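# What the coordinates show
Single-letter residue listing:
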Amino acid sequence: MSAFGLVAKRGVSPKIIRPSFNLLTNDGYSAASSFLQGHNTNITRLLSSQPHNPKVPKVATWEPASEDQLPPPAQIPADLVDKLERLALVDFRTKQGLACLEKAIRFADQLHVVDTSSVEPMDSVLEDRALNLRADAVTEGGCAEELLQLSKNTIEEYFVAPPGNIPLPTKEERASMLKHSEL
Amino acid sequence: MNKQISSILYTKASCVIRRLSTSSSRCRSQPQPRAESAPQQLVGVVGLEIHAQINSNTKLFSGSSVRFTAPPNSLVSFFDASLPGTLPVLNKRCVDAAVMTGLALSCTINRMSLFDRKHYFYADLPAGYQITQQRRPIAVDGTLTYCFLGGKKRSQVIRKTVNIKQIQLEQDSGKSLHDDLRSQTLIDLNRAGVGLMELVMEPDMSCGEEAAAAVRELQLILQALGTCQGNMSEGQLRVDANVSVHKPGEPLGIRAEVKNINSVRYLARAIDYEIQRQIDILQRGGTVQNETRAYDSKSGFMPEPNLPPLIVYEDNASLPTGIDACQAVVVETIRKVLPELPSVKRDRLVQTYGILPEHSFTLVNEDGLVDYFEAVLKVTKMGPRKVIGWVIKELLGHLKQQDMSVSQSPISPSALAELLELQETGHISSSVAGQVFQEMWKSSGKTALQIVQELDLGLVSDTAQLHSICQKVVDSNPDEVNAIRNGNKKVLNKLMGLVQKETKGRADPVLVRAILQEKTLLKSDC
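Residues numbered from 1 in each chain as written. Chains lettered and ligands numbered in written order. Predicted model: local features only at pLDDT ≥ 70, side-chain atom pairs only at ≥ 80, totals over all residues. Heavy atoms only, no water.

## Digging into the overall build of chain B
- Check the secondary structure of chain B and you find 15 helices and 17 strands.
- A burial count over chain B gives 48% of its 526 residues as buried.
- For chain B, restricting intrachain contacts to residue pairs at least 6 apart in sequence, the fraction spanning at least 24 positions comes to 67%.
- Just so you have it, chain B exposes about 25800 Å², and 52% of that area is on carbon and sulfur atoms. (Helix = DSSP H or I, 4+ residues; strand = E, 2+ residues; numbered from the N terminus. Buried < 20%, exposed > 50% of the residue type's maximum accessible area, 1.4 Å probe, protein only. Contact = heavy atoms within 4.5 Å. Areas by Shrake-Rupley, 256 points an atom, 1.4 Å probe, with all protein chains shown as cover.)

## Looking at the pattern of salt bridges
- Applying the stated criterion to the full structure yields 31 salt bridges over all chains.
- Of the charged contacts in the structure, one is a salt bridge between Arg93(A) and Asp82(A), with a shortest N-O distance of 3.4 Å. Here Asp82(A) lies in helix α2 (residues 78–88) and Arg93(A) lies in the loop between α2 and α3 (95–109), a separation of 11 residues in the sequence.
- Assessed through its relative accessible area of 23%, Arg93(A) is described here as partly exposed.
- Owing to a relative accessible area of 12%, Asp82(A) belongs among the buried residues under this scheme.
- The salt bridge involving Glu502(B) is made with Lys472(B); its shortest N-O contact spans 3.4 Å. Taken together, the residues span a long stretch of sequence, with Glu502(B) in helix α14 (residues 491–502) and Lys472(B) in helix α12 (residues 463–475) at a distance of 30 residues. (Salt bridge = Lys/Arg side-chain N within 4 Å of Asp/Glu carboxyl O.)

## As for the nonpolar core
- Among the nonpolar cores identified, the biggest contains 71 residues, and Leu48(B), Val95(B) and Val99(B) are the most heavily contacted of them.
- By residue number, the principal contributor to this core is helix α2 (residues 208–225) of chain B, which donates nine residues. (Core = buried A, V, L, I, M, F, W, Y, C linked by side-chain atoms within 4.5 Å.)

## Focus: the interface of chain A and chain B
- Each side of the interface is counted separately: chain A has 40 residues, and chain B has 52 residues.
- For chain A, the biggest contributors to the area lost against chain B are Leu131(A), Leu133(A) and Arg134(A); these three give 21% of the whole.
- Taken together, the links from chain A to chain B amount to 19 residue pairs in polar contact (both at pLDDT 80 or more).
- Going through the elements one at a time, α2, β1 (133–134), α4 (144–148) and β3 (158–161) of chain A are the ones with two or more residues in the side of chain A that touches chain B.
- Residues of the side of chain A that touches chain B, tallied by class, amount to 22 nonpolar, seven polar and 11 charged.
- In this sheet, strand β12 (residues 184–188) of chain B lies alongside β3(A) in antiparallel orientation, the contact comprising three bridges. Across the sheet, the residue bridging to Ala161(A) is Thr185(B), located in β12(B). (Buried area = accessible area lost by both parts, 1.4 Å probe. Polar contact = N/O pair within 3.5 Å; in protein donor to acceptor, adjacent residues only side chain to side chain. Nonpolar A, V, L, I, M, F, W, Y, C, P; charged D, E, K, R; others polar. Pairing = 2+ DSSP bridges.)

## Some remarks on the sheet that holds strand β5 (residues 108–109) of chain B
Residue and element names in this part refer to chain B.
- With respect to topology, seven strands assemble into an open sheet ordered β5-β9-β10-β13-β3-β14-β15, the strand pairing being antiparallel. Edge strands, defined here as strands with exactly one partner in the open sheet, are β5 and β15 (256–261).
- Examined bridge by bridge, strand β9 (residues 139–150) and strand β10 (residues 156–171) share 11 bridges and lie antiparallel to one another. Its bridge partner lying in β10, Gly-142 is registered against Ile-164.

## Observations regarding the pairing of strand β8 (residues 129–132) of chain B
Residue and element names in this part refer to chain B.
- The two faces of β8 match: Tyr-129 and Ile-131 on one face and Gln-130 and Thr-132 on the other face are all buried.
- The pairing of strand β7 (residues 116–119) with β8 spans four bridges and is antiparallel. Of the residues in β8, the one forming a bridge with His-119 is Tyr-129.

## Observations regarding unusual backbone geometry
- The residue Glu156(A) is not glycine, and still its phi comes out positive at about 45°.
- Assignment of secondary structure puts Glu156(A) in the loop between β2 (154–155) and β3.
- Note on Glu156(A): relative accessible area 70%, which makes it exposed.
- One non-glycine residue with positive phi stands out, namely Asp141(B), at about 55°.
- Looking at the secondary structure, you find Asp141(B) in strand β9.

## Examining the confidence of the model for chain A
Residue and element names in this part refer to chain A.
- On average, residues of chain A score 74 in pLDDT, and 65% of them reach the 70 mark or higher.
- Looking across chain A, the model is least confident in helix α1 (residues 31–38), with a mean pLDDT of 46, and most confident in β1, with 96.
- The model gives residues 1–42 a pLDDT under 50, and that stretch makes 32 contacts with residues more than four places away or in other chains. (pLDDT = per-residue confidence, 0-100.)

## With respect to the sheet that holds β7(B)
Residue and element names in this part refer to chain B.
- Pairing in this open sheet of three strands is antiparallel, and the strands run β8-β7-β16 from one edge to the other. Sheet topology places β8 and β16 (301–303) at the edges, where each strand pairs with a single neighbour. This sheet shows a mean twist of 30° between the axes of neighbouring strands, independent of strand direction.
- Judged from the three bridges that link them, β7 and β16 form a sheet pairing that is antiparallel. (Axes fitted to C-alpha atoms, helices over the stretch in contact; angles between N-to-C directions.)

## Describing the state of the cysteines
- Per the counting criterion, the structure on display carries zero disulfides over all chains.
- With no disulfide of its own, Cys94(B) has Cys228(B) as its nearest cysteine by sulfur position, at a separation of 12 Å. (Disulfide = S-S within 2.5 Å.)

## Re the packing of helix α6 (residues 357–365) of chain B against helix α7 (residues 369–379) of chain B
Residues and elements named next belong to chain B.
- Close contact between α6 and α7 brings their axes to 6 Å; oriented N to C, the two are set at 115°. Relative to α7, α6 is oriented roughly perpendicular. Residues Thr-362, Leu-363 and Val-364 of α6 touch α7, and the partners they reach there are Leu-369, Val-370 and Phe-373.
- Across the contact of α6 with α7, the residue classes break down as five nonpolar, one polar and no charged. (Parallel < 35°, antiparallel > 145°, perpendicular 65-115°, else oblique.)

## Some thoughts on the pairing of β12(B)
Residue and element names in this part refer to chain B.
- In terms of burial, β12 is largely enclosed, as five of its five residues are buried.
- Along β12, one buried face is formed by Gln-184, Leu-186 and Asp-188 and the opposite face, lined by Thr-185 and Ile-187, is buried too.
- Here strand β11 (residues 175–179) runs beside β12; their pairing, made up of five bridges, is antiparallel. Within β12, the position partnered with His-178 by the bridge is Thr-185.
- Where β11 folds back onto β12 in an antiparallel hairpin, the turn is made up of four residues, including Ser-183, whose phi is positive at roughly 55°.

Pasting the structure below:
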């Protein structure tokens, strides 16, 4: 994500480089690599008040991994797409959505190039810190009014939510729902 | 109890297989399949997932209060409401509670354990995830030993064990009140973030009775430890049962979950119902449907990035230098303050008072009964084995009849002790004592002595009076007297009964028997 990551800065000029998923190269690579290789690699920091740190290269030095270093491209069966949609509650079953997903996976596949044998995965940057323990004394709470004000819908000090968990319609039902909405 | 009809089956090899009742190896509550079905019987397999609310002042990761009843959303901190910018801070009391519970259940305490996020969508889970310990929980590999009264007369203490896979710390969710009329759900987050210990038990049980006994024992243990108050009706102890059936030796069948149970009694019935339901389906040739929800499929887990690993130290010697005492959880320290567990208590009562194991079991199983029993013993000269009879048969019997707890008993320990004294010192007979007990139960506050005096129930030991009554009975029952003289000693009891009727049960039975024997034998001498 961060390779694309020039977040919009103030006073921005048309020089913003945005990820463009419509740019397909024939080897299936994400757009950025070819974009950065061939095009403007002059990434400058706009409106910065500090001098350029010599440790940061002036020009991007990152090179994409070659196709032979990567595992075979992941196939995403329809069941998996359905499961992902259910977990994330996001509809992405369109051609565009699926292509985006495939490219994202391909981009992440580059991690396989790194040799992680005998290296424990890190799941928290706090792993070397001691976990702070709290004494069992009441220090918070009693702010019902404040919290309820944050909600659009309340009834007598309760938050109001839609009924239960409306189960997601089945694959077929949703496909037809999408079809209808696209019309 | 189903009486098994022993049936004889002939296999192709024409050897005879005799199928007998195996109620000792299987729960009696399971019905026996018909003789025509396959030689192997379907048995139930029950695994329990128990959520125990930790008895602490504040929640697991925030400083808001833990209380059962409070105005909605009044016990909610910004973190509990999952407002952005808030972070979890672990409550030491919850860690101590989990370690103590793990030790009481003979678990291995993991020196290092980790926290994870379990993601799922539900309105009472404001963050969209629950912080739990799926990868490396705080305690693993324990055992729970439980007992129940079985055998023909339910007087045999049957002991079983169930393995505990793990104990993990996790957050509770808020409460949803469903308003189907207006198609909405009302959310109260008071419970959101309260610390839970999830205990996962291996599927070592085979029926509702075993599961109920295991839960009851766990309840007693947690209450003794003080780590959970174990009140099922208030949701402090929540049990989910995974039930399946299979033929022994074959792979396990499809599991179905039994949830939302708020009493131990109902748990047993619900599980047995489910076992029977599945057996019926399979015997009809159908298959059991698995109705688990999407989020049960073990996905949606990720490590909790805001919490470093939880380190627990074995003893004071292994503490890193300079560490603050209130930042260190030391297993040895907790082990030292473990209170007496129910199983130890039962054995101690048997040793100390010489009562039977099944009586000890009943004593410990009933809240407050041990204290009652010991309070009576302090004040009376009657031996413990006689007292236990009174406490279990009379007191507990009456309490159960009216669905009352020991604390609601209209007869206090001292009042009962007074009654027992009257019997021990010969002021009243044992049958009268039972009568007085009933009176005391009905008119709470009246002492035994008062009732005996009011109803004139004192033992009649006046020999002259007894002699004349006995004479009267002997004179008016010549046939019986003859039977006695001819060797039928048992008829004497009938005469005794008649005498007692005359004296309204107030005659000293020992004296009456002696007098009657004398009189009946005298006659034969003439």
